[in-house]
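Working through the structure, step by step
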Amino acid sequence: MPLLQKKRWESMAKGLVLGALFTSFLLLLYSYAVPPLHAGLASMTSEGAAPCSPAPAEPETATPANGSVGGCQPRRDIVFMKTHKTASSTLLNILFRFGQKHGLKFAFPNGRNDFDYPAFFARSLVQDYRPGACFNIICNHMRFHYDEVRGLVPPNATFITVLRDPARLFESSFHYFGSVVPFTWRLTGRDKLAEFLQDPDRYYDPNGYNAHYLRNLLFFDLGYDSGLDPSSPQVQEHILEVERRFHLVLLQEYFDESLVLLKDLLCWELEDVLYFKLNARRASAVPRLSGELYQRATAWNVLDARLYRHFNASFWRKVEAFGRERMAREVAALRRANEHMRRICIDGGHAVDAAAIQDSAMQPWQPLGAKSILGYNLKKSIGQRHAQLCRRMLTPEIQYLMDLGVNLWVTKLWKLIRDFLQW
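In this text, all values refer to a predicted model and were calculated from it rather than measured experimentally.

Conventions and cut-offs
Residue indices follow the written sequence of each chain, beginning from 1 at its first position. Reporting in this predicted model follows two pLDDT cut-offs: at least 70 for local features of residues, and 80 or more for side-chain atom pairs to be given and counted; totals over whole chains, interfaces and linings ignore these cut-offs and use all residues. Side-chain measures were taken over the full set of non-hydrogen atoms in the model, leaving aside hydrogen atoms and water. Runs of E in the DSSP output that reach at least two residues are strands. Runs of H or I that reach at least four are helices, and both are numbered from the N terminus. It only takes one pair of heavy atoms within 4.5 Å for two residues to be counted as in contact. Working definition of accessibility: Shrake-Rupley area with a 1.4 Å probe, residue cover restricted to the visible protein chains. Should a side-chain nitrogen of Lys or Arg be within 4 Å of a carboxyl oxygen of Asp or Glu, the pair is scored as a salt bridge. Working definition: with a 1.4 Å probe on protein chains only, accessible area under 20% of the residue-type maximum means buried, over 50% means exposed, and in between means partly exposed. Pairs of strands are assigned from DSSP output, requiring at least two bridges between the strands. We call a pair of cysteine sulfur atoms a disulfide whenever their separation is within 2.5 Å. When the centres of two rings from Phe, Tyr and Trp lie within 6.5 Å, Trp using its six-membered ring, the rings pair. Their planes under 30 degrees apart give stacked, over 60 give edge-to-face, and anything left gives tilted. Lysine NZ or arginine CZ positioned within 6 Å of the ring centre and within 35 degrees of the ring normal marks a charge as sitting over the ring. Inter-axis angles, ranging from 0 to 180 degrees, are taken between N-to-C directions of lines fitted to C-alpha atoms, where helices are fitted over the stretch in contact. Multiplying 1.5 Å by the helix residue count minus one yields the expected span of that helix. We call two N or O atoms a polar contact when they sit within 3.5 Å, provided that within protein one can donate a hydrogen and the other can accept it, with sequence-adjacent residues counted only if both atoms are side-chain atoms.

With that settled, the discussion passes to the overall build of the protein. A tally of regular secondary structure across the protein gives 15 helices and five strands. The contacts in the protein between residues at least 6 apart in sequence include a share of 76% that link residues at least 24 apart. Within the structure as shown, the protein displays about 20800 Å² of accessible surface, and the carbon and sulfur contribution to it stands at 55%.

In structure tokens:
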């Protein structure tokens with residue numbers, strides 16, 4: 001063998017060995033950062049018998065927000081069950097801003113930007129938690145465990161969550177998380193989503209790593225078994241349980257209407273629910289499901305479909321009770337206010353690709369192996385009146401958590417590794 005060729009083979013062999021060792025290290029790190037998935041509910045923490053002990057209430061000085069006769073007091077104790085791929089990052093930003101504005105106490109995760117998802121939530125996962133500690137807002141990703149969450153907030157806390165058309169959610173989740181779900185690596189076609197939906201049982205392994213992302217993700221996030229037999233009476237029981245526990249279930253497809261209902265429920269000001277769309281994918285990365293594939297995706301996520309149908313119906317009953325004309329007026333006011341802020345805050349007036357974002361503090365977290373999430377550039381010259389609000393409205397989740405003092409050492413380390421490997 002020629003000397004040059006021999007050296008090339010030796011170099012390749014060394015590279016493979018080093019690559020294998022480094023990959024093993026990364027898998028070890030990731031196994032620490034991402035806890036194993038447990039089918040059953042997490043055991044109660046040893047502090048389970050020490051519920052939240054709120055301090056005596058202070059007199060409210062805020063101006064009534066909804067203009068109702070006699071006024072109302074803004075609600076400040078909120079549990080947001082943050083579901084995946086449902087515009088929940090946008091709602092998270094709204095809650096961050098409100099809590100920061102009013103000096104409220106958040107229950108934040110420790111080390112990461114989620115509560116050890118996909119493991120069930122436990123109080124011990126809260127940063128600086130002490131038995132009996134009481135919080136105003138809980139809003140980071142978790143796998144819901146009602147009793148554990150309930151014990152962290154005052155008895156009158158408002159519980160909210162957000163749902164999305166399950167077929168559209170599945171499509172978004174497949175493109176965002178597919179690369180970290182190993183059984184999808186067997187898909188070889190150009191359109192992996194279509195290939196999967198043609199025969200999902202051929203590829204899907206319910207016990208596979210990260211498999212929960214690709215079937216009935218809403219049911220899973222809410223703490224239920226995403227593999228339940230659709231004919232089981234437990235399915236309807238779980239849906240009714242969600243209805244009992246949550247004061248408002250928002251819908252991603254009707255986000256503005258949802259925010260109007262939320263504003264009314266919480267007795268907030270219009271400014272409190274202003275938003276820019278965060279964590280959105282660029283259009284080229286969003287292939288729309290065809291009619292047949294849409295039906296297949298809905299059937300594949302049948303538990304989520306039943307959940308969504310139930311709360312889609314209850315949502316419109318709430319709209320009717322609120323008043324259709326009143327809803328139209330308030331949605332129009334919200335959109336005018338959002339448009340006003342867009343002209344003030346956003347350089348160029350629209351979201352841009354990751355490569356075009358000039359300030360690293362505005363750079364959103366990207367899915368593994370892709371740069372498909374859009375972000376914004378903040379205008380250089382913004383008046384003092386709006387400068388702080390503009391920056392907060394445009395700040396991505398990870399950076400906002402750091403601004404709020406959250407310890408994100410695992411997330412930061414993972415980002416350094418990804419940046420180094422250009423993942």
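Still more ground to cover, so stick around.
Right, let's get into the pattern of salt bridges. Applying the stated criterion to the full structure yields 16 salt bridges. Among the salt bridges present, the one from Arg-123 reaches Glu-148, with a minimum N-O distance of 3.7 Å. Of this pair, Arg-123 sits in the loop between β2 (106–107) and β3 (137–138) while Glu-148 sits in helix α3 (residues 146–150), and the two are 25 residues apart along the sequence. Accessibility classification places Arg-123 together with Glu-148 in one group, the buried group.

Now for the pairing of strand β1 (residues 78–81). Two faces belong to every sheet, and in a regular strand the side chains alternate between them. Residues Ile-78 and Phe-80 of β1 are buried on one face, and the alternating residues Val-79 and Met-81, pointing to the opposite face, are buried as well. In this structure, β1 lies alongside β3, joined through two bridges in parallel fashion. Counted as the bridge partner of Val-79 is Ile-138 from β3. When β1 meets strand β4 (residues 158–163), the two strands line up parallel, connected through four bridges. Its bridge partner lying in β4, Val-79 is registered against Phe-159.

Inspection of the entire model under this criterion finds three disulfides. Each disulfide pairs two cysteine sulfurs, and for Cys-52 the partner residue is Cys-134, the sulfurs being separated by 1.8 Å. Taken together, the residues Cys-52 in the loop between α1 (3–33) and β1 and Cys-134 in the loop between β2 and β3 connect sequence positions 82 residues apart. For Cys-134, a relative accessible area of 17% corresponds to the buried category. Two residues share a disulfide in this structure: Cys-72 and Cys-267, whose sulfurs sit 1.6 Å from each other.

This part covers the packing of aromatic side chains. Any two aromatic rings considered together are summarised by their centre-to-centre distance and by the angle between their planes. Under the defined criterion, the tally for this structure stands at 28 aromatic pairs. The interplanar angle of 65 degrees and the centroid separation of 6.2 Å between the aromatic rings of Phe-144 and Tyr-146 together place this pair among those described as edge-to-face. Lying over the aromatic face of Phe-220, Arg-143 brings its terminal NZ or CZ to 3.7 Å of the ring centre.

Turning our attention to the sheet that holds β3. Overall, parallel pairing links the five strands, which are arranged β2-β3-β1-β4-β5 in an open sheet. Looking at the sheet topology across the chains shown, the edges are occupied by β2 and β5 (248–251). The strands touched by helix α9 (residues 255–266) are β1, β4 and β5; relative to β5, the strand with the most contacts, the crossing angle is about 155 degrees. Packing against the sheet, helix α11 (residues 302–322) makes contact with β4 and β5, and its axis sits at approximately 100 degrees to β5.

Turning next to helix α4 (residues 166–177). If you check α4, its first and last C-alpha atoms are 15 Å apart, about what twelve residues at 1.5 Å a residue would give, namely 16 Å. Turning to α4, its buried residues number three or more, namely Pro-166, Ala-167, Arg-168, Leu-169, Phe-170, Glu-171, Ser-172, Ser-173, Phe-174, Tyr-176 and Phe-177. Contact partners of the buried residues in α4: α5 (192–198), α7 (217–221), α10 (291–300) and α11. For α4, the capping residue at the N-terminal end is Asp-165, with a side-chain oxygen 2.9 Å from the backbone nitrogen of Ala-167.

The subject of this paragraph is the side chain of Thr-158. In this structure, Thr-158 sits in strand β4. Here Arg-75 takes part through its side chain, which lies 3.2 Å from a polar atom of the side chain of Thr-158. The contact partners of Thr-158, leaving out residues within four places of it in the chain, are Arg-75, Asp-77, Ile-78, Val-79, His-247, Leu-265 and Leu-266.

Looking now at the environment of Lys-318. One can find Lys-318 in helix α11. Sequence separation between Lys-318 and Ser-258 is 60 residues, and the spatial gap between their C-alpha atoms is 9.9 Å. With near-sequence residues (within four places) excluded, Lys-318 lies in contact with His-247, Leu-248 and Leu-261.

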